[in-house]
Amino acid sequence: MTVNLEVAEGVGTLRLNRPPMNALDVATQDRLKELAEEATRRDDVRAVVIYGGERVFAAGADIKEMQNMDHTAMVLRARALQDSFTAVARIPKPVVAAITGYALGGGCELALCADYRIAAENAKLGQPEILLGLIPGAGGTQRLPRLVGPSKAKDLIFTGRQVRADEALAIGLVDRVVPAAEVYEQAHAWAAKLALGPAIALRAAKESVDTGLETDIDTGLAVERNWFAGLFATEDRETGMRSFVEDGPGKAKFR
């Protein structure tokens, strides 16, 4: 399989496995959607790591495959392409991208679907579609400016240039830069820690932030308000408050 879902300690790793560069062909896109939806459903998956292996995250779309597609074929395919990435973005659990090597084009767009991004010191990221006479088609023109701001996003999209990990960190494209050998370990540790947290509250936090970014503040505040009140009906809220009163902050053990 070109993508696998491996589960351990409450963490599901979506592992791209299409050597040598994890090119995101149609089969890989469809498999990614299938496994993202599985990770969403599974109760034993409480957080997710997206990982391409020790050498490369994903170097983009399969250009040879796309070269043979005409306008009609892409009209039929473009929605499915976006849907595969949106399935990852909408996993209602914490998601971290562990970025090694190249994350270009669709690879960068996949990383943008995560909540947090940890990159290797030698990683390179970018949206080079313009160099093919195209624009990003898997969410890059929408998720990138929401993350780094419109002017920085336009610079990357207009020029197609690649950015190294240090610049990616400076502009907010990644959140942490670590030695290449530690990328997966640190990403898994981030996910494993959150996997022990209150699952419904984490879902509420993610949905509130993501919805707020896509709408006006009044609608966002309404989403926050409804989730905030609703969490008072959960066992985790009872556990967290009881633990705080009896044992002090940060010691609750959630189910």
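Located above this text is the structure these notes cover.
As the structure is a prediction and not an experimental result, all values here were calculated from the model.

*Asks:* Give me the side chain of Ser 208: which residues, what numbers.
*Replies:* Residue placement: Ser 208 occurs in helix H9 (residues 199-213). For Ser 208, a relative accessible area of 16% corresponds to the buried category. A distance of 2.8 Å separates a polar side-chain atom of Ser 208 from the backbone oxygen of Ala 204. The residues touching Ser 208, leaving out its near neighbours within four places in the chain, are Val 223, Glu 224 and Trp 227.

*Asks:* Describe the packing of aromatic side chains, listing the residues and the values that go with them.
*Replies:* Scanning the entire structure with this criterion turns up three aromatic pairs. Between Tyr 51 and Tyr 184, the aromatic rings sit 4.7 Å apart at their centres with planes inclined by 35°, giving tilted as the arrangement. One end of the pair, Tyr 51, is in strand E3 (residues 47-51); the other, Tyr 184, is in helix H8 (residues 183-195), with 133 residues separating them in the sequence. Tyr 51 gets classed as buried once you look at its relative accessible area, which sits at 11%. You can call Tyr 184 partly exposed: its relative accessible area is 26%.

*Asks:* Provide a residue-level description of the side chain of Glu 109, including the pertinent values.
*Replies:* When you line up the elements, Glu 109 lands in helix H4 (residues 106-112). Reaching out from Glu 109, the side chain makes a polar contact with the backbone nitrogen of Gly 139 at a distance of 3.2 Å.

*Asks:* I'd like a description of unusual backbone geometry, backed by residues and values.
*Replies:* The amide bond that connects Pro 19 to the next residue, Pro 20, takes the cis arrangement and shows omega of 5°. Within the chain, Glu 9 stands out as a residue other than glycine whose phi angle is a positive 55°. Residue classification places Glu 9 among the exposed positions, given a relative accessible area of 65%. Backbone geometry places Asn 22, a non-glycine residue, at a positive phi of 55°. Along the chain, Asn 22 turns up in the loop between strand E2 (11-16) and helix H1 (26-41). A residue is classified by how much of its surface remains accessible, and Asn 22, at 4% relative accessible area, is buried.

*Asks:* Tell me about the sheet that holds E2, residues and numbers included.
*Replies:* Read across the open sheet, the six strands follow the order E1-E2-E3-E4-E6-E9; overall the sheet is mixed. In the strand order of this sheet, the two ends are held by strand E1 (3-8) and strand E9 (176-178), each with one partner. Adjacent strand axes in the sheet meet at a mean angle of 20°, parallel and antiparallel pairs treated alike.

*Asks:* Can you break down the pattern of salt bridges residue by residue, with the values?
*Replies:* Counted under the stated rule, the structure contains 12 salt bridges. A salt bridge links Arg 31 to Glu 34; its shortest N-O distance comes to 3.0 Å. With Arg 31 and Glu 34 both in helix H1 and three residues apart, the pair spans about one turn of that helix. In this structure Arg 31 comes out as buried when scored by relative accessible area, which is 16%. Looking at Glu 34, the relative accessible area reads 42%, which means it is partly exposed. Between Arg 42 and Glu 38 there is a salt bridge, with the nearest N and O atoms lying 2.9 Å from each other. When its relative accessible area of 26% is taken as the criterion, Arg 42 is described as partly exposed. In this structure Glu 38 comes out as partly exposed when scored by relative accessible area, which is 22%.

*Asks:* Hey, could you go over the sheet that holds strand E5 (residues 102-104) for me, with residue numbers and the actual values?
*Replies:* Strand order in the open sheet made by the three strands is E5-E7-E8, with mixed pairing throughout. Edge positions in the sheet fall to E5 and strand E8 (162-164), since each of these pairs with one other strand and no more. Neighbour-to-neighbour, the strand axes of the sheet open up by a mean angle of 20°, direction not taken into account.

Calculation criteria
- Chains are numbered independently. Their residues run from 1 in the order of the written sequence.
- It should be noted that, the model being predicted, local features are given only for residues of pLDDT at least 70 and side-chain atom pairs only at 80 or more, the latter also being counted only at that level, while totals for whole chains, interfaces and linings use all residues.
- Excluded from the side-chain calculations are hydrogens and water; all other atoms, namely the structure's heavy atoms, are used.
- Secondary structure elements are taken from DSSP: a helix is a run of H or I of four residues or more, a strand is a run of E of two residues or more, and numbering for both begins at the N terminus.
- Relative accessibility thresholds used throughout: buried, under 20% of the residue-type maximum; exposed, over 50%; partly exposed, between the two (1.4 Å probe, protein chains only).
- Pairs of N or O atoms within 3.5 Å make up the polar contacts considered here, provided that, within protein, one atom can donate a hydrogen while the other can accept it, and that residues adjacent in sequence are counted only when both atoms are side-chain atoms.
- Two residues qualify as a contact provided that any one of their heavy atoms is within 4.5 Å of a heavy atom in the partner residue.
- Stacked, tilted and edge-to-face pairs are distinguished by plane angle, under 30 degrees for stacked and over 60 for edge-to-face with tilted covering the rest, among Phe, Tyr and Trp rings (Trp via its six-membered ring) whose centres lie within 6.5 Å.
- One bridge is not enough; two strands pair if DSSP finds at least two bridges between them.
- Interaxial angles span 0 to 180 degrees and are taken between N-to-C directions of axes, which are lines fitted to C-alpha atoms, for helices over the stretch in contact.
- Salt bridges are identified by distance alone: a Lys or Arg side-chain nitrogen within 4 Å of an Asp or Glu carboxyl oxygen.

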